[in-house]
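So you can see what is in the structure, the chains are spelled out below.
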Amino acid sequence: MPYSTSAMVVVLPLFRMLKFQFHNPKKDEVLVKVEASSINTADWKIQKGMLRPFMPFKFPFTPATDISGKVVNIGSEVTAFKVGHKVVCKLHFGKGGGLAEYAVASERDTVVRPEEVSPADAAGLPIAGLTALQSLQLIGTKFDGTGKGANVLVTAASGGVGTYAVQLAKLGGHHVTATCGTRNIDLVRSLGADEVLDYNTPEGQTLKNSSGKKYDYIINCAPAISWQTLKSNLSDNGVVLGVAQPNFSIILAFICGMFTFSKKKIKIIGVSLGKDDLQFLVGLIKEGKLKAVIDSKYPFDRAQEAWTKSADGHAQRERL
Ligand SMILES: NC(=O)c1ccc[n+]([C@@H]2O[C@H](COP(=O)([O-])OP(=O)(O)OC[C@H]3O[C@@H](n4cnc5c(N)ncnc54)[C@H](OP(=O)(O)O)[C@@H]3O)[C@@H](O)[C@H]2O)c1
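What you see is a predicted model; the values in this text were computed from it and never measured.

**Things to note about the overall build of the protein**
Within the protein one finds 10 helices and 14 strands. A compact globule built from 320 residues should have a C-alpha radius of gyration of about 20 Å, and the protein, at 19 Å, falls within 12% of that. Once the C-alpha set of the protein is aligned to its principal axes, its extents read approximately 55 × 40 × 35 Å. A burial count over the protein gives 48% of its 320 residues as buried.

What follows is the structure, encoded as structure tokens:
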């Protein structure tokens, strides 16, 4: 079943005999029968050619990287998994392969999925969850209650990355202000945000919270916000974590920041694979400390609908 991280999941029907390209796993790979895969913004950006000339590496290209499923074959040097293990995988970004009945994943990008974590919740984790987690790790967030909380803003908090960022920031003891569209205010509040700003209002557009306190960190998941708007809301040593695809003003600010002594900085985030990080996130879901917000689920033969909805950029929150 495909679904998108903010989220549409595509569920693969059992015993469905569809044509698929069978891959034998290499020595360090596992072959997975896919139960669910999720669609991220990067997937349809690749399709639209927005990541040219880097992506995709070669055609034909089967999209999607975030999957959960069952191991059906293992490479000769695989030690961590056996046939029958339920797993979550982050497939290689440049190779994709997730929107298929079977996918080959590297052992090092695969973790076990506990029974308590559903296939759909697991498939929604890799790119969106890791991006949120790694952004918060970059600012020294501790998730064991020992950290010093900061004043954090998460923009586009109703999206795939944002929904995880809000929850993880709260687990890290931060004070969280979040922005989203009108219909998602309750959702984002339910994830733990201390204050939610509707981006259709003047406060939401200027990013100003009710206390007037500036942010130590802004996890910016909304591509359209300018550097000037972000900067004017930062505390003296504040940092923007640029998750969203950078617009012109952000790129300019990033380049200028390398040659000036401005205390207000922007760091561009690039999600990296990380087995330990993925395992950590799966563990949080299992313990009920983190929840995957799933927009919609689709059967595999309606994957195109999930795709269209994700590409719309405003996936509706239809509670399942
Ligand atoms: N750096 C990395 O490694 C990395 C990794 C993953 C994603 N990204 C990028 O991060 C961005 C977010 O990704 P995503 O997966 O979270 O996207 P998504 O799931 O498609 O969510 C987009 C969200 O943006 C919200 N939104 C739209 N316009 C907004 C505005 N003006 N202000 C605030 N929120 C707004 C929408 O909210 P409503 O539905 O409430 O309108 C929607 O929930 C994308 O640009 C993506 O390419 C980067």
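Picking up where we left off.
**As for the domain arrangement of the protein**
The domain boundaries assigned to the protein delineate domain 1 (2-124 + 294-312) and domain 2 (129-268). Domain 1 and domain 2 are separated by 29 Å when their C-alpha centres are compared.

**Structural notes on helix H4 (residues 160-171)**
Given a rise of 1.5 Å per residue, 12 residues ought to cover 16 Å, and the 17 Å separating the end C-alpha atoms of H4 matches this to within 8%. Counted residue by residue, H4 has 10 buried out of 12 residues, so it is predominantly covered. Buried within H4 we find Gly160, Val161, Gly162, Thr163, Tyr164, Ala165, Val166, Gln167, Leu168 and Ala169. Just beyond H4, the residue with positive phi is Gly173, at close to 85 degrees.

**Let's talk about unusual backbone geometry**
A positive phi angle is found at Ala64, which is not glycine, with a value near 85 degrees. By secondary structure assignment, the location of Ala64 is in the loop between helix H1 (41-47) and strand S4 (66-74). In this structure, Leu207 takes a positive phi of about 70 degrees despite not being glycine. Examined against the element boundaries, Leu207 turns out to sit in the loop between helix H6 (202-206) and strand S11 (215-220).

**So, the sheet that holds strand S12 (residues 234-242)**
Pairing in this open sheet of 6 strands is parallel, and the strands run S10-S9-S8-S11-S12-S13 from one edge to the other. Of all the strands in the sheet, the pair left with one neighbour each is strand S10 (195-198) and strand S13 (265-268). Taken over all neighbouring pairs, the strand axes of this sheet differ in orientation by 20 degrees on average, direction set aside. Strands in contact with H4 are strand S8 (151-154), strand S9 (175-180) and S11; relative to S8, the strand with the most contacts, it is inclined by about 165 degrees.

**Concerning the pairing of S9**
The element S9 is largely enclosed, with a buried count of 5 among its 6 residues. Sheet topology places S8 next to S9; 4 bridges connect them, and they run parallel. When the bridges of S9 are listed, Val152 appears paired with Val176. For the crossover that starts at S8, traverses H4 and ends in the parallel S9, the hand is right-handed. A crossover links S9 with its parallel partner S10, the connecting element being helix H5 (residues 185-190), and its sense is right-handed.

**Brief notes about helix H9 (residues 275-286)**
Look at H9: 16 Å from first C-alpha to last across 12 residues, which is about the 16 Å you get at 1.5 Å a residue. Within H9, burial applies to Asp277, Leu278, Leu281, Val282, Leu284 and Ile285. Within H9, the buried residues cover an arc of 155 degrees as seen down the axis, which keeps them to one side. Tucked inside the fold, the buried residues of H9 contact strand S5 (86-90), strand S7 (110-112), helix H2 (119-123) and helix H3 (126-138).

**Some remarks on the nonpolar core**
Counting 87 residues, the largest nonpolar core has Val32, Val154, Ala165 and Val166 as the members making the most contacts within it. Built from parts of two domains, this core gets at least three residues from each of domain 1 (2-124 + 294-312) and domain 2 (129-268). Apart from residues lying up to four places away in sequence, Val166 is in contact with Val154, Ala157, Val176, Ala178, Val188, Leu191, Gly192 and Ala193.

**Observations regarding the packing of H3 against H9**
Closest axis-to-axis distance for the H3/H9 pair is 10 Å, and the angle between their directions is 100 degrees. Classified by the interaxial angle, the pair formed by H3 and H9 is roughly perpendicular. For the pair H3 and H9, contact is made by Pro126, Gly129, Leu130, Leu133 and Gln134 and by Asp277, Leu278 and Leu281, respectively. Looking at the contact of H3 with H9 residue by residue, the classes come out as 5 nonpolar, 2 polar and 1 charged.

The rules we used
- Residues numbered from 1 in each chain as written.
- Predicted model: local features only at pLDDT ≥ 70, side-chain atom pairs only at ≥ 80, totals over all residues.
- Helix = DSSP H or I, 4+ residues; strand = E, 2+ residues; numbered from the N terminus.
- Rg over C-alpha atoms; globule rule 2.2 N^0.38 Å.
- Buried ≥ 20, exposed ≤ 12 C-beta atoms within 10 Å, placed from the backbone.
- Domains from an automatic or database assignment.
- Expected span 1.5 Å × (residues − 1).
- Pairing = 2+ DSSP bridges.
- Axes fitted to C-alpha atoms, helices over the stretch in contact; angles between N-to-C directions.
- Contact = placed C-beta atoms within 7 Å.
- Right-handed = clockwise from strand over helix to strand, strands pointing away.
- Arc of directions from axis to C-beta.
- Core = buried A, V, L, I, M, F, W, Y, C linked by C-beta atoms within 7 Å.
- Parallel < 35°, antiparallel > 145°, perpendicular 65-115°, else oblique.
- Nonpolar A, V, L, I, M, F, W, Y, C, P; charged D, E, K, R; others polar.

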